[in-house]
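Examining the three-dimensional arrangement
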Amino acid sequence: MDTLDTSWVLRWAELAQQTVSENRIALMELDRAIGDGDHGDNLDRGFTAVSAKLADAAPDSPTAALKLIATTLMSTVGGAAGPLYGTAFLRGATAVGDGPVDASAVAALLSAAVEGVIARGRAEAGDKTMVDALRPAAEAARAVAEEGGSARAALEAAADAAAAGAEATEPLVARKGRASYLGERSAGHRDPGAQSSALILRAAADAAADGAGTGP
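Below is a summary of the structure that appears in this document. Residue numbers here run from 1 along each chain, matching the order of that chain's written sequence. Per-residue local features are limited, in this predicted model, to residues with pLDDT of at least 70; the limit for side-chain atom pairs, both in listing and counting, is 80 or more; totals at the level of whole chains, interfaces and linings are taken over all residues. Hydrogens and water are ignored here; the side-chain numbers use all heavy atoms of the structure.

1. Thoughts on the side chain of Thr6
Secondary structure counts use DSSP, requiring at least four H or I residues in a row for a helix and at least two E residues in a row for a strand, with both numbered from the N terminus. Relative to the helices and strands, Thr6 resides in helix H1 (residues 6–22). Engagement of the side chain of Thr6 in a polar contact is seen with the backbone nitrogen of Ser61, the distance being 3.3 Å. Whether two residues touch is decided by their heavy atoms; if any such pair falls within 4.5 Å, the residues are in contact. Beyond its immediate sequence surroundings of up to four residues, Thr6 is in contact with Pro59, Asp60, Ser61, Pro62 and Ala65. N or O atoms within 3.5 Å of each other form a polar contact, as long as, within protein, one can give a hydrogen and the other can take it, and as long as residues adjacent in sequence are counted only when both atoms are side-chain atoms.

Here it is as structure tokens:
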């Protein structure tokens with residue numbers, strides 16, 4: 001069964017920085033419709049800093065790499081996204097453990113991440129937040145793990161579920177964050193945090209599909 005190691009996390013961070021940069025304007029436009037309009041800029045700054053930190057530190061385990069991502073995002077990403085993403089990566093780092101990352105570890109990482117976001121942001125599924133992408137992603141990864149699938153398959157399922165979850169936020173009325181101030185007018189717009197979560201999980205799956213950090 002395929003497992004993943006530190007080089008997968010490093011490749012994930014690299015691809016996340018690329019996709020956030022490529023989608024910076026699109027994320028800002030989503031956020032402009034129902035929020036402050038700075039989500040794309042904030043995340044782009046954060047993941048650019050992550051790339052520099054990882055290159056300097058050369059972490060020697062998935063947990064160390066994920067913790068460094070977490071602390072960097074917390075210190076560089078403005079608004080609500082920094083603490084939320086930082087908490088997600090920090091909780092995920094703790095859940096992964098010391099060994100190679102198999103499907104069960106992927107599921108544990110994502111479950112811990114969404115639990116951290118819920119605890120930090122006081123949001124639940126259906127509130128039109130990043131939880132609406134992260135929770136189905138964690139559930140999809142758990143299903144693959146329980147069926148004996150690989151880490152790569154768990155990440156692919158998670159990324160697909162997150163994308164569907166982000167799309168499903170469009171008709172929702174926001175109940176948390178600045179978007180909630182709009183009430184019914186928030187319906188018809190995709191949540192930017194759910195969209196960025198889906199993009200970042202797609203980067204995680206693509207990093208595994210590239211063969212980064214895979215072992216027997």
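2. What to know about the nonpolar core
As used here, the term nonpolar core means buried Ala, Val, Leu, Ile, Met, Phe, Trp, Tyr and Cys residues forming a set that is joined through side-chain atoms within 4.5 Å. For the exposure calls, accessible area comes from a 1.4 Å probe over protein chains only, and a residue counts as buried if that area is under 20% of its type's maximum, exposed if over 50%, partly exposed in between. Counting 62 residues, the largest nonpolar core has Trp8, Trp12, Phe47 and Phe89 as the members making the most contacts within it. Among the elements that make up this core, the one with the highest residue count is helix H6 (residues 103–121) (10 residues). If we ignore the near neighbours within four places in the chain, the residues touching Phe47 are Ala13, Ala16, Gln17, Val20, Leu73, Phe89 and Ile200.

3. Quick look at the packing of helix H2 (residues 24–34) against helix H9 (residues 192–209)
The axes used here are C-alpha line fits, helices contributing only the stretch in contact, and every angle between their N-to-C directions lies in the interval 0 to 180 degrees. Here H2 crosses H9 at 160°, and the two axes come no closer than 9 Å. Our classification of the angle between H2 and H9 gives roughly antiparallel. Seen from above, H2 lies across H9 with right-handed handedness. Contacts between H2 and H9 involve Leu27, Leu30, Asp31 and Ile34 from the former and Pro192, Gln195, Ser196 and Leu199 from the latter. To sort the angles, those under 35 degrees are grouped as roughly parallel, those over 145 as roughly antiparallel, those from 65 to 115 as roughly perpendicular, and the leftovers as oblique. Should the near helix be turned anticlockwise from the far one by less than a right angle, the crossing is left-handed, and should it be turned clockwise, the crossing is right-handed.

4. Structural notes on the environment of Gly116
Here Gly116 is to be found in helix H6. A relative accessible area of 0% means that Gly116 is categorised as buried. The spacing of Gly116 and Gly86 is 30 residues in sequence and 9.3 Å in space, taken between C-alpha atoms.

5. Side note on the environment of Glu156
You can see Glu156 is positioned in helix H8 (residues 151–167). Residue classification places Glu156 among the partly exposed residues on the basis of a relative accessible area of 32%. The spacing of Glu156 and Ala57 is 99 residues in sequence and 28 Å in space, taken between C-alpha atoms. Setting aside its immediate chain neighbours within four residues, Glu156 contacts Arg202 and Ala205.

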